[in-house]
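Now for the letters of each chain:
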Amino acid sequence: MFNLRNVLLASAALRAGMFFYGLYQDAHSALKYTDIDYYVFTDASRYVAISQSPYDRETYRYTPLLAWLLLPTAFQPQWFWFSFGKVLFAVGDLIAGWLIYSVLRTSYGGMDKGRALKFASIWLLNPMVATISTRGSSEGLLGVMVVGLVWAAMKRKVITTGVLLGLAVHFKIYPVVYGPAILWWMEDRKMGQTITQKILGFFTVSRIKFGLSALVTFVGLNLAMWKIYRDPFVMHTYLHHVERLDHRHNFSPYNILLYLTSPPSMGDPSFPYASVAFLPQLFLSGVLLPLAFAKWDLPTTLFAQTFAFVAFNKVCTSQYFMWYIVLLPFYLPTSSLLRNPKIGFTALGAWVLTQAAWLQQGYELEFLGNSTFFPGLWGSALAFFGVNCWLLGVIVGDIKDRRVISGKKLN
């Protein structure tokens, strides 16, 4: 029977199967199933377990909260506890899926159980999502925070929404773009005619409560982490991402530019590309999209913001797709991708094929040693970016066509 309980059980079984397969592959294959990032997480937790800084582990670029959550991975016996984080991330997937179902049931005019479950299954029964979590990526935890944020907003739980936003931004920077969208969506009265009246009318009790709860949570967590770990916390958790030059496994059109400016022998580039590359994406995802569409449909606007943020990010890897896939069930129910199968299949095919083209060029470069930077890798990255821009246009067009607000505003 197709019901929530059975879908959750099937989702858990899918992840359990991939988890145990991963243990087998790690033990018998030179190509490991476990993501390299998971080793970074668990190494950082071992440092914390002996009262040292998680940043003593080179390349740890995350909040200390993650290392703290994974402290059991430092317990003995190692063969048993090492995979604790993978189980935690998989459980996070299930919770996020349940929250997706809950939002679909209570918003969008009260979607019926079967239809809501079908869309929630896009996350719960998605092999890509299950693989990424069981390999040891922490994106599942972030998914819980983001969908929890949507759930709290649609339930009009103002302070809970602010706390979850502050926590999510502390965990990963990108959810900061959701703040303007939620603030704009929360407008529940006319703001007057004059500029002064509009400014004063903007500062409602709900907005003040939301803003303060988000700010206090974010600042409080950061001050606590800084007090313990000082400058390494600020540098590795936040400032590192501004000047990040990762070019491996990077679908972004910035890929080749980052590669050319990354070797130390090149010296400082004449123009700080890495430091300003985030400006177009922040304007698009954090200002333009929220102001234009948040009042009509908050969950779908959050999806559009995330999609734009990932597409325009200077570093774009497969794990980042999880950021918007978790919000995809909120967009699809009324999307033209489902209403018009021709557009839907074209979009899916183009998205997959341009990725495959990039991966083929990347494989030749990294595994076969062939120089595919130009035109192969560069051209495929531009093609994938072009497809994403077209898809963003479709998404924006769908939001414009709806011109309705799903659920009630916060009050």
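Residues numbered from 1 in each chain as written. Predicted model: local features only at pLDDT ≥ 70, side-chain atom pairs only at ≥ 80, totals over all residues. Heavy atoms only, no water.

- The protein chain has the name GPI mannosyltransferase 1 in an unreviewed UniProt entry, where Morchella conica CCBAS932 is given as its organism.

### Brief notes about helix H8 (residues 139–154)
Part 1 of the argument: The end-to-end C-alpha distance of H8, which contains 16 residues, comes to 23 Å, matching closely the 22 Å that a straight helix rising 1.5 Å per residue would cover.
Part 2 of the argument: Taken across its 16 residues, H8 has 14 buried, putting it largely inside the fold.
Part 3 of the argument: Backbone geometry just after H8 places Arg156 at a positive phi near 65 degrees. (Helix = DSSP H or I, 4+ residues; strand = E, 2+ residues; numbered from the N terminus. Expected span 1.5 Å × (residues − 1). Buried < 20%, exposed > 50% of the residue type's maximum accessible area, 1.4 Å probe, protein only.)

### Thoughts on the layout of surface pockets
Part 1 of the argument: By volume, the second largest pocket is sized at about 570 Å³.
Part 2 of the argument: Around the second largest pocket, the lining comprises 21 residues; the ones closest to its centre are Leu328, Leu332, Leu337, Leu348 and Trp351.
Part 3 of the argument: Of all the secondary-structure elements, those providing two or more residues to the lining of the second largest pocket are helix H17 (298–311), helix H18 (321–325), helix H19 (328–331), helix H20 (336–339), helix H21 (341–366) and helix H22 (373–402).
Part 4 of the argument: No other element matches the seven residues that H21 contributes to the lining of the second largest pocket. (1 Å grid on protein atoms, 1.4 Å probe; cavity = no way out; pocket = protein on both sides within 12 Å on 5 of 7 lines; lining within 4 Å. Points joined across faces, edges and corners; volume = space filled by probe spheres on them.)

### Side note on the packing of helix H1 (residues 4–28) against helix H7 (residues 127–134)
The relative placement of two packed helices is expressed as an angle between their axes plus a distance between the axes.
Part 1 of the argument: Direction vectors running N to C along H1 and H7 enclose 50 degrees, while the axes themselves pass 9 Å from each other. Our classification of the angle between H1 and H7 gives oblique. Pair H1 / H7 crosses with right-handed handedness. Residues Leu14, Arg15, Met18 and Phe19 of H1 touch H7, and the partners they reach there are Pro127, Val129, Ala130, Thr131 and Thr134. (Axes fitted to C-alpha atoms, helices over the stretch in contact; angles between N-to-C directions. Parallel < 35°, antiparallel > 145°, perpendicular 65-115°, else oblique. Left-handed = near helix turned anticlockwise from the far one by under 90°. Contact = heavy atoms within 4.5 Å.)

### Remarks on the packing of aromatic side chains
Part 1 of the argument: For the coordinates displayed, the defined rule picks out 34 aromatic pairs.
Part 2 of the argument: Relative to Tyr238, the ring of Phe233 lies with its centre 5.7 Å away and its plane at 85 degrees, an arrangement referred to as edge-to-face.
Part 3 of the argument: Taking the centre distance of 4.7 Å and the plane angle of 50 degrees together, the rings of Phe307 and Tyr324 count as tilted. With Phe307 in helix H17 and Tyr324 in helix H18, this residue pair connects regions lying 17 residues apart in the sequence.
Part 4 of the argument: What makes Tyr324 buried here is its relative accessible area of 5%.
Part 5 of the argument: Members of the aromatic cluster, joined through ring pairs, are Tyr38, Tyr39, Phe41, Tyr55, Tyr60, Tyr62, Phe82, Phe89 and Tyr229.
Part 6 of the argument: The ring of Tyr38 has Lys86 sitting right over it, with the charged end atom 5.6 Å from the ring centre.
Part 7 of the argument: Just above the ring of Phe202 sits the side chain of Arg207; from NZ or CZ to the centre is 4.1 Å. (Phe/Tyr/Trp six-rings, centres within 6.5 Å; stacked < 30°, edge-to-face > 60°. Lys NZ or Arg CZ within 6 Å of the ring centre and 35° of its normal.)

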